[in-house]
Amino acid sequence: YTRGTVKAFSPFDARADAEALRKAMKGMGTDEETILKILTSRNNAQRQEIASAFKTLFGRDLVDDLKSELTGKFETLMVSLMRPAYIFDAHALKHAIKGAGTNEKVLTEILASRTPAEVRNIKQVYLQEYEANLEDKITGETSGHFQRLLVVLLQANRDPDGRVDEALVEQDAQVLFRAGELKWGTDEEKFITILGTRSVSHLRRVFDKYMTISGFQIEETIDRETSGDLEKLLLAVVKCVRSVPAYFAETLYYSMKGAGTDDDTLIRVMVSRSEIDLLDIRQEFRKNFAKSLHHVIQKDTSGDYRKALLLLCGGDDE
């Protein structure tokens, strides 16, 4: 069961696809249209089979060929589509924490939105692929309360959804109220523990109760009482507890709003959610921003890059 826009293609022939891709890149000039049509209409598992057939038939590496034949954002998008799904997040995190400066936005987006099972998988893959401990890498590059909440999320020990205990809901809501609105200075630790470890269904009730007690949405309090990277991470966690598709709809909206496009974010979200919940993200986008995702991508991008993104988007919700 998936709410993705990209599904397994049928009838699928990996060798025929490999041959078509080789032909599209052979000789003078590149046939980008063929490349983008094939890669956006096969799912990730099928793309891996095509890469393997490509190597078998031609003794060439498909990803290397794409890198040498394509350029710019279109190249980045096609290469991202070719990355094995289970490596995708680990790779994004690796690049977010390497070299000068850490990309906190990527750490926030991935660790706030992934399920505990997904986080455990990311840690395992990171260790296998990069022979390094993800938690050590992240703690080495971050600090303060931001670091602590990342570490809590990395433990992937959020309570599983079950029966919600109303007394504990009341207690958590009171603790958050006292730690934020009622306190001179904020007790960030209480926010970190409660938002990082309680079950999703429990937290949804806590947010309702918090509103009743304080008269504020929890987001308003976080906005007022915290700042910087910690604020962004707390807000991302709250939004993902409320609705992961709504969180990604907003992430996509802001990646294209205003001057210039944050293409890295646009590509990362479109690729990583294309087989999971992009249909739900489209629905939330339409509901919350009164425009379709398709329309905004159309307006904000161009060329083969735009064509490929629109195929991944998979439809217009006018």
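Cut-offs and rules
- For every chain, the first residue of the written sequence is number 1, and numbering continues from 1 onward in sequence order.
- Where local features are concerned, this predicted model is filtered to residues with pLDDT of at least 70; where side-chain atom pairs are given and counted, the filter is 80 or more; whole-chain, interface and lining totals use all residues.
- The basis for every side-chain value is the complete set of heavy atoms in the structure, and neither hydrogens nor water enter the calculation.
- Interaxial angle, 0 to 180 degrees, is taken between N-to-C directions of lines fitted to C-alpha atoms, where a helix line uses only the stretch in contact.
- Runs of E in the DSSP output that reach at least two residues are strands. Runs of H or I that reach at least four are helices, and both are numbered from the N terminus.
- Comment on the angle field: the value is read as roughly parallel under 35 degrees, roughly antiparallel over 145, roughly perpendicular from 65 to 115, and oblique elsewhere.
- Handedness of a crossing follows from how the near helix is turned relative to the far one, being left-handed for an anticlockwise turn of less than a right angle and right-handed for a clockwise one.
- Contacts: residue pairs with any heavy atoms within 4.5 Å of one another.
- Throughout, the ten residues Ala, Val, Leu, Ile, Met, Phe, Trp, Tyr, Cys and Pro are labelled nonpolar, Asp, Glu, Lys and Arg are labelled charged, and all others, Gly among them, are labelled polar.
- Where a domain begins and ends is set by an automatic assignment or by a domain database.
- Note: buried area is the sum, over both parts, of the accessible area (probe 1.4 Å) each one loses when the two are combined.
- Every case where a carboxyl oxygen of Asp or Glu lies within 4 Å of a side-chain nitrogen of Lys or Arg is listed as a salt bridge.
- Any residue under 20% of the maximum accessible area for its type is buried, any over 50% is exposed, and the rest in between are partly exposed; the area is computed with a 1.4 Å probe on protein chains only.

1. With respect to the packing of helix α1 (residues 14–25) against helix α3 (residues 44–58)
Next up, step 1: It is the contact of α1 with α3, at a shortest axis distance of 8 Å, that shows an interaxial angle of 70°. It follows that α1 is roughly perpendicular to α3 by the angle criterion. Seen along the crossing, α1 lies across α3 with a hand that is right-handed. Mapping the contact onto sequence places Ala14, Arg15, Asp17, Ala18, Glu19, Leu21, Arg22 and Met25 in α1 and Glu49, Ile50, Ala53, Phe54, Leu57 and Phe58 in α3.
Next up, step 2: Residues that form the contact of α1 with α3 fall into these classes: 9 nonpolar, no polar and 5 charged.

2. A word on the domain arrangement of the protein chain
Next up, step 1: Domains assigned within the protein chain are domain 1 (14–85), domain 2 (86–155), domain 3 (166–242) and domain 4 (244–313).
Next up, step 2: Here the C-alpha centroids of domain 2 and domain 3 sit 23 Å apart.
Next up, step 3: If you look at the interface, domain 2 gives 11 residues, while domain 3 gives 12 residues.
Next up, step 4: Roughly 1,100 Å² is buried in total at the junction of domain 2 and domain 3, and carbon and sulfur atoms are behind 83% of that figure.
Next up, step 5: Sorting the residues of domain 2 by area buried against domain 3 places His145, Phe146 and Leu149 first, and these three jointly supply 47% of that buried surface.
Next up, step 6: In this assembly, domain 2 and domain 3 are joined by 0 salt bridges.
Next up, step 7: Listing elements by their share of the side of domain 2 that touches domain 3, those giving two or more residues are α7 (104–113) and α10 (144–154).
Next up, step 8: Per-element tally for the side of domain 2 that touches domain 3: the top contributor is α10, with 7 residues.
Next up, step 9: Of the residues that constitute the side of domain 2 that touches domain 3, the class distribution is 6 nonpolar, 3 polar and 2 charged.

3. Topic: the pattern of salt bridges
Think of it this way: side chains of opposite charge can pair up when their charged atoms draw near.
Next up, step 1: Considering all chains together, one arrives at 20 salt bridges under this definition.
Next up, step 2: Between Asp280 and Arg3 there is a salt bridge whose closest N-O contact spans 2.8 Å. With Asp280 in helix α18 (residues 278–289) and Arg3 in the segment before α1, this residue pair connects regions lying 277 residues apart in the sequence.
Next up, step 3: Between Glu284 and Lys287 there is a salt bridge, with the nearest N and O atoms lying 3.3 Å from each other. On the criterion of helical spacing, the pair formed by Glu284 and Lys287 is a turn pair, its members being 3 residues apart in helix α18.
Next up, step 4: Judged by relative accessible area, Glu284 falls into the buried class, the value being 16%.

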